[in-house]
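# A look at the structure
Below are the chains, spelled out letter by letter.
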Amino acid sequence: MLEYIIFSLLNSLVLGMLLFMLSSGLTLIFSMMGVLNFAHASFYMLGAYFGYQISTAIGFWPALIIAPPLVGLFGALVERYGLRNVHKYGHVAELLFTVGLAFIIEEGVNLIWGRNAVTYPIPKLLDFPIFTLFNTEFSAYRMFMLFISVAIFIALYWILTRTRIGLIIQAALTHPQMVNALGHNVPAVFMLVFGGGSALAGLAGVIGGIFLVTEPAMAATLGPIVFVVIVVGGMGSLTGAFVASLLLAAIQTFAVGIEYSLSDLLALVGIRAEVGGILKDLWRIQLSHTGPILPYLFMVLILMFRPKGLMGKRET
Amino acid sequence: MIIFLKKFGIWLAAVLICVVLPLIFRSGFSISLLSQMGIAIIFALSYNMLLGQGGMLSFGHAVYYGLGGFLAMHALNRIGAGTLPIPIELLPLVGGVAGVLAGLVFGWLSTARASTTFALISLGIGELIAASALMLPSFFGGEQGIIGDRVVKLTITGFRFGKQIEVYYLIAVWMLICVALMYLLTQTPLGRVANAVRDNPERAAFIGYAPRTVRTLQFTLAAFFAGAAGGLFAINYEIITAETVGAQASGSVLMMTYIGGVGHFFGPILGAILITFMQLSLAGVTHAWLLYFGLLFVGMVMWAPNGLSGIIMVHEPVWKARLMKRLLPAYGLIALPCLIMFLGAMILIEINYHLSLSINPENPMHLLGITFRAQSPVAWGLSLVMMVAGFFFFRKARSVVQERWSEVSQTLKGGLTR
């Protein structure tokens with residue numbers, strides 16, 4: 001039991017930090033521009049595929065350095081030549097632009113790398129168990145992921161609170177017109193944040209593509225989860241995104257191991273439910289199988305009862 | 001008589017077209033294409049009740065379509081077994097009732113705010129239902145879905161619906177009824193207040209209409225029509241799977257409606273017809289059709305946010321002032337570089353699909369009647385040159401079109417002031 005708890009905690013920490021790398025960029029982009037970027041997970045996918053392509057050509061370590069800026073550059077171009085032009089048609093058009101972009105990127109990945117998952121292996125240097133606890137191994141690669149994401153977290157925190165550009169970004173989050181009036185180039189800041197957020201998503205892709213799987217459907221599987229994270233954490237709140245990433249990762253990781261269903265729960269309080277009919281499965285679903293729906297249930301409930309999210313300051 | 005024709009002429013024409021079309025296009029493929037178009041038209045118009053008329057951007061409208069379809073399919077099986085006395089012609093109503101029930105519950109839960117919150121709740125509900133569809137196999141039939149048999153004894157018209165053409169006419173009748181009802185709804189006080197709530201919920205609340213109630217009503221009615229479309233889906237295909245409630249179906253109705261144009265009532269009809277046609281005909285020709293579809297969608301969002309109907313309606317005053325002849329040459333001028341650019345992109349896309357998907361990429365590929373090797377630098381170079389040159393001339397031609405447009409609109413304004 002202790003072994004299960006410790007390893008679930010460690011794994012949810014790894015997954016949670018990966019989710020944070022994605023959600024931090026998304027939540028900043030949303031609170032600055034008011035655009036819910038549906039293509040954010042597609043940048044994550046691009047990062048994974050760029051990482052895969054570069055690491056098969058010249059190795060994993062150069063890929064780790066080169067791929068994220070490439071994705072960031074792509075993101076900045078999308079903002080400059082796509083999103084900025086659509087801005088005049090309003091938020092719905094901007095949102096639909098990112099939806100269409102996500103669609104095109106997925107098809108483009110299909111086009112270039114094929115429809116099946118590619119083999120994107122763990123780099124040789126990190127392919128060993130770093131420690132063994134209760135006969136279960138913890139791989140060095142997961143430790144490395146944890147290290148990278150913590151480093152990014154610290155760097156992000158430092159940039160946003162201790163540097164000049166970070167202060168401008170923070171000011172532009174809440175008062176873009178005022179920042180503009182003070183003579184800062186707000187559109188350029190938008191482009192920078194969009195590009196930076198995309199680069200972070202790309203980095204998450206380079207390391208997450210190995211940890212999870214690199215396939216054309218990866219954006220569609222992770223994308224909604226990232227939305228759940230920023231909604232639960234509160235739109236625009238980095239701390240909220242951090243807490244919600246860890247929380248959601250923990251929920252998903254722990255739910256996998258719990259095999260109780262509603263009828264077990266009822267049996268616990270002494271009711272033996274022998275329900276027939278068309279929804280009889282509802283009583284027999286084990287908690288471990290509800291993994292895919294738990295985040296969405298969580299999001300819908302939060303949106304209905306606390307639309308600010310856990311730590312957000314304003315409603316969506 | 002003239003007044004009657006003016007008022008109802010377009011509806012008479014629609015009825016006439018629905019009757020005549022299957023007599024002109026008689027092949028099995030075209031009949032099933034027409035049937036699907038009918039279903040898609042209802043679905044897209046019901047979606048526009050949310051997005052266009054109510055200002056609610058939904059990412060989960062397929063939930064009501066799918067649930068309607070599933071309930072109708074269960075009802076169909078009961079009818080076949082003789083335990084449910086509903087004639088098959090009224091099956092879409094069963095789907096509609098399912099839509100209303102689900103729409104009332106989910107609509108009330110999600111319409112407290114419009115905009116992003118609503119969009120996210122609809123996305124969440126969509127994903128919830130899609131994920132639970134696989135967990136509740138006794139209702140949703142699991143991976144393989146549930147099947148039914150539409151040939152039942154209980155009919156009121158006497159048709160057995162064994163042949164596709166009979167199903168087509170059933171769909172056409174329901175389509176006309178639903179379109180007329182949805183059009184009439186836009187003329188009711190509810191339809192008008194829904195527009196008011198879309199444009200300014202605060203003011204609507206001040207004059208005494210609770211935005212949430214109005215949105216919920218609009219949402220429930222939209223869900224009814226989506227459910228009816230789902231019921232027709234069940235009759236048409238005789239199989240329904242969990243995919244019908246999924247994100248892809250929701251996304252596809254969103255794209256149909258938007259490409260058709262949300263600003264005018266007939267927009268989604270155009271979108272549904274065009275996209276269904278693309279889905280069925282292009283999918284057989286090229287693997288890349290989803291990519292073309294996505295490019296079309298993004299192109300519409302970037303350059304024609306009012307959709308096809310918006311493009312058409314912009315020309316209405318020009319047409320009435322008989323000034324189209326001034327615009328047409330400029331359009332011809334811009335069509336050429338667009339075509340060149342598109343051909344260039346198409347060659348590049350098809351080459352890449354050939355390289356990544358075919359069994360042996362070394363085999364020569366066929367495109368537009370030409371056979372060539374995908375590795376040949378000529379093809380790559382040609383496509384790149386075409387794209388670059390096309391883009392260059394496109395920029396030039398665009399300024400000509402803009403010039404003509406400003407001329408024409410000057411003349412139009414002058415005509416008004418004179």
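Because the structure is predicted, anything quoted here is derived from the model rather than measured. (Residues numbered from 1 in each chain as written. Chains lettered and ligands numbered in written order. Predicted model: local features only at pLDDT ≥ 70, side-chain atom pairs only at ≥ 80, totals over all residues.)

### Things to note about the overall build of chain B
A count of helices and strands for chain B gives 17 helices and 4 strands. Taken over the C-alpha trace, chain B has a radius of gyration of 24 Å; the compact-globule value for 418 residues is 22 Å, and the two agree within 12%. Considered along the principal axes of its C-alpha atoms, chain B spans approximately 70 × 65 × 50 Å. Looking at chain B as a whole, 42% of its 418 residues qualify as buried. Long-range contacts, defined here as pairs at least 24 residues apart, represent 79% of the contacts in chain B between residues at least 6 apart. (Helix = DSSP H or I, 4+ residues; strand = E, 2+ residues; numbered from the N terminus. Rg over C-alpha atoms; globule rule 2.2 N^0.38 Å. Buried ≥ 20, exposed ≤ 12 C-beta atoms within 10 Å, placed from the backbone. Contact = placed C-beta atoms within 7 Å.)

### Digging into the interface of chain A and chain B
A common way to state how big an interface is: give the accessible area lost once the parts meet. Facing the 39 residues of chain A at the interface are 34 residues of chain B. Contributions of two or more residues to the side of chain A that touches chain B are made by α3 (60-86), α4 (91-113), α9 (218-233) and α12 (294-305) of chain A. In terms of residue count, α4 of chain A provides more of the side of chain A that touches chain B than any other element does, 13 residues in total. Considering only residue class, the side of chain A that touches chain B consists of 30 nonpolar, 6 polar and 3 charged. (Nonpolar A, V, L, I, M, F, W, Y, C, P; charged D, E, K, R; others polar.)

### A short note on the domain arrangement of chain B
Segmentation of chain B into domains returns domain 1 (10-288) and domain 2 (315-417). Put simply, the middle of domain 1 of chain B and the middle of domain 2 of chain B, counted by C-alpha atoms, are 34 Å apart. (Domains from an automatic or database assignment.)

### What about helix α2 (residues 40-58) of chain A?
Residues and elements named next belong to chain A. Under the 1.5 Å per step criterion, the end-to-end length of α2 is 27 Å for 19 residues, consistent within 8% with the ideal 27 Å. Counting buried positions along α2 yields 15 of 19 residues, so the element is predominantly enclosed. Looking at the residues trailing α2, positive phi occurs at Gly59, about 110°. (Expected span 1.5 Å × (residues − 1).)

### Comments concerning the environment of Ala151 of chain A
All names here are of chain A. With respect to the element layout, Ala151 can be found in helix α5 (residues 140-162). Looking at Ala151, the number of C-beta atoms within 10 Å reads 10, which means it is exposed. Here the alpha-carbon distance between Ala151 and Leu297, two residues 146 residues apart in the chain, equals 32 Å.

### Some remarks on helix α4 (residues 91-110) of chain B
Compared with the 28 Å implied by 1.5 Å per residue over 20 residues, the 28 Å span of α4 of chain B between its first and last C-alpha is a close match. The principal kink in α4 of chain B, of about 30°, is found at Gly103 of chain B. (Bend = angle between axes of the 7 residues up to and from the residue.)

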